[in-house]
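The residues making up each chain are set out below.
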Amino acid sequence: MTLAEVAVDQDFAQQTDTAEEPLAAAEQTLKTSPDPTSRWDLNMLHLRKDYATELFHRPASAASTSHNDSHHADTGELDARPEHGADGRESATSGTAEAQSSADNRERRVSGAARAQVGADADGAVGGTTEAWGGAVGLGERAVGLRDGGADDGRRGLASFYAGLIADNLQGEPEAAFGHFTAAFEFGERASDELLMSFALRHLGDHAYTAGDLKLAREHWEQSTELRQKVGHLLGALAQQALLSVLLRDEGDAAGSRALAVEINRWSSQVNIPFLVHETAGLMR
């Protein structure tokens, strides 16, 4: 199971495709030693892999239906394009829901999406392609199924978080996504799961950013960054700092934004996180 999780994480962060064999090996292990909790965990890994496939490799026609068209790891890609609204707040989603009702009216500068794959229930295997599960709708149903079948608040919160990502990034349902992220944070608090709390805060901050509330966005994003640093989640901390770089730019501190982006870019180059290297390059200009 550990090898499968590492491979799924790597495939998401680096857009590689190495998880098929470790996932199959984990399935074989569960056949000989069935365990409901391990089955849930493996279903989550299958969903995470399918989510990444849907997110990164959809054909253009399918991508056009998504709320945001560039999302990377929650860890997330930062779309740091210079175009934005007159007040610099018109949009910013980091794998998160927008506070406005129509995606078509927004420009997007921050995006991110985290790992999200889920099984339809906690008892049966749920592998296979996204197409077999009905694309984004199927992924969302699987996430809700895992939430309802989770054995503890940590697992229920993780599934809620991924349900939010799917609703936001693939289904274009920001209000539903906001509800899922809020639930994820509450589950995380009850479980004392600081990493899960950081995920939810990142995306709740995106909601605030999109609504134009830069103060609340900063509060959420700084708390998320601190939690990720505390638990040693390097990729997540770097992605979160990239959002803070965008926020600095929007607050009028161009020099501070560039300085932070340079450091993020240097770290991302050293640990091979291509999407952050690419996106922070735009902030360094």
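Remarks on the overall build of the protein chain
So, point 1. Within the protein chain, the secondary structure is distributed over 12 helices and zero strands.
So, point 2. Across the 285 residues in the protein chain, those meeting the buried criterion constitute 54%.
So, point 3. Counting contacts in the protein chain only where the partners sit at least 6 residues apart, residues at least 24 apart contribute 69% of the total.
So, point 4. Carbon and sulfur atoms form 51% of the exposed surface of the protein chain, whose accessible area is close to 11,700 Å².

Quick word on the pattern of salt bridges
So, point 1. Applying the stated criterion to the full structure yields 15 salt bridges.
So, point 2. Through salt bridges that share partners, Asp11, Asp17 and Lys49 make up one connected network.

Section: the packing of helix 1 (residues 2-14) against helix 3 (residues 36-57)
So, point 1. Two numbers describe how helix 1 lies on helix 3: the axes approach to 10 Å, and their chain directions differ by 15°. Viewed along their axes, helix 1 and helix 3 adopt a mutual orientation that is roughly parallel. With respect to the hand of their crossing, helix 1 and helix 3 are arranged in left-handed fashion. Facing Ala4, Glu5, Val8, Asp9, Asp11 and Phe12 of helix 1, the residues of helix 3 in contact are Leu45, Arg48, Lys49, Tyr51, Ala52, Leu55 and Phe56.

Notes on the confidence of the model for the protein chain
Detailed conclusions should not be drawn from predicted coordinates in areas where pLDDT is low.
So, point 1. In this model, the protein chain carries an average pLDDT of 76, and 73% of its residues clear a pLDDT of 70 or more.
So, point 2. Predicted confidence in the protein chain is weakest over helix 4 (residues 60-63), with a mean pLDDT of 46, and strongest over helix 7 (residues 174-191), with 97.
So, point 3. Within the model, the stretch residues 60-73 combines pLDDT values under 50 with 48 contacts to residues more than four positions away or in other chains.
So, point 4. Of the regions scoring below 50 in pLDDT, residues 75-133 engages in 257 contacts with residues more than four places distant in sequence or in other chains.

Things to note about helix 6 (residues 153-169)
So, point 1. Here helix 6 contains 17 residues, and its C-alpha end-to-end distance of 24 Å stays within 8% of the 24 Å for a straight helix at 1.5 Å per residue.
So, point 2. Its side-chain oxygen 3.1 Å from the backbone nitrogen of Gly154, Asp152 forms the N-cap of helix 6.

Overview of helix 8 (residues 194-210)
An α-helix turns once every 3.6 residues. As a result, residues three or four positions apart point the same way.
So, point 1. In this model helix 8 runs 24 Å from its N-terminal to its C-terminal C-alpha over 17 residues, within 8% of the 24 Å that 1.5 Å per residue would give.
So, point 2. Most of helix 8 sits out of view: 15 of its 17 residues are buried.
So, point 3. Measuring from the side-chain oxygen of the N-cap residue of helix 8 to the backbone nitrogen of Leu195 gives 3.3 Å; that N-cap residue is Asp193.
So, point 4. At the exit of helix 8 stands Gly212, carrying a positive phi of roughly 90°.

With respect to unusual backbone geometry
Outside of glycine, negative phi angles account for most residues, and trans bonds account for most peptide bonds.
So, point 1. Unusually for a residue other than glycine, Ser192 sits at a positive phi of about 55°.
So, point 2. Relative to the helices and strands, Ser192 resides in the loop between helix 7 and helix 8.

Section: the nonpolar core
So, point 1. Membership of the largest hydrophobic core comes to 31 residues, with the highest contact counts inside it found for Tyr51, Phe161, Ile166 and Leu170.
So, point 2. Listed in part, the 11 residues of the second largest apolar core include Ala208, Trp221, Leu244 and Leu283.

Details of the packing of helix 8 against helix 9 (residues 214-231)
So, point 1. Interaxial distance between helix 8 and helix 9 falls to 8 Å at its minimum, and their mutual angle equals 160°. Viewed along their axes, helix 8 and helix 9 adopt a mutual orientation that is roughly antiparallel. In this structure, helix 8 crosses over helix 9, and the sense of that crossing is left-handed. For the pair helix 8 and helix 9, the contacting residues are Glu194, Leu195, Met197, Ser198, Phe199, Leu201, Arg202, Leu204, Gly205, Asp206, Ala208 and Tyr209 in the first and Leu214, Leu216, Ala217, His220, Trp221, Gln223, Ser224, Leu227, Arg228, Lys230 and Val231 in the second.
So, point 2. When grouped by side-chain class, the residues that make up the contact of helix 8 with helix 9 number 13 nonpolar, five polar and five charged.

So, how was this worked out
- Residues numbered from 1 in each chain as written.
- Predicted model: local features only at pLDDT ≥ 70, side-chain atom pairs only at ≥ 80, totals over all residues.
- Heavy atoms only, no water.
- Helix = DSSP H or I, 4+ residues; strand = E, 2+ residues; numbered from the N terminus.
- Buried < 20%, exposed > 50% of the residue type's maximum accessible area, 1.4 Å probe, protein only.
- Contact = heavy atoms within 4.5 Å.
- Areas by Shrake-Rupley, 256 points an atom, 1.4 Å probe, with all protein chains shown as cover.
- Salt bridge = Lys/Arg side-chain N within 4 Å of Asp/Glu carboxyl O.
- Axes fitted to C-alpha atoms, helices over the stretch in contact; angles between N-to-C directions.
- Parallel < 35°, antiparallel > 145°, perpendicular 65-115°, else oblique.
- Left-handed = near helix turned anticlockwise from the far one by under 90°.
- pLDDT = per-residue confidence, 0-100.
- Expected span 1.5 Å × (residues − 1).
- Polar contact = N/O pair within 3.5 Å; in protein donor to acceptor, adjacent residues only side chain to side chain.
- Core = buried A, V, L, I, M, F, W, Y, C linked by side-chain atoms within 4.5 Å.
- Nonpolar A, V, L, I, M, F, W, Y, C, P; charged D, E, K, R; others polar.

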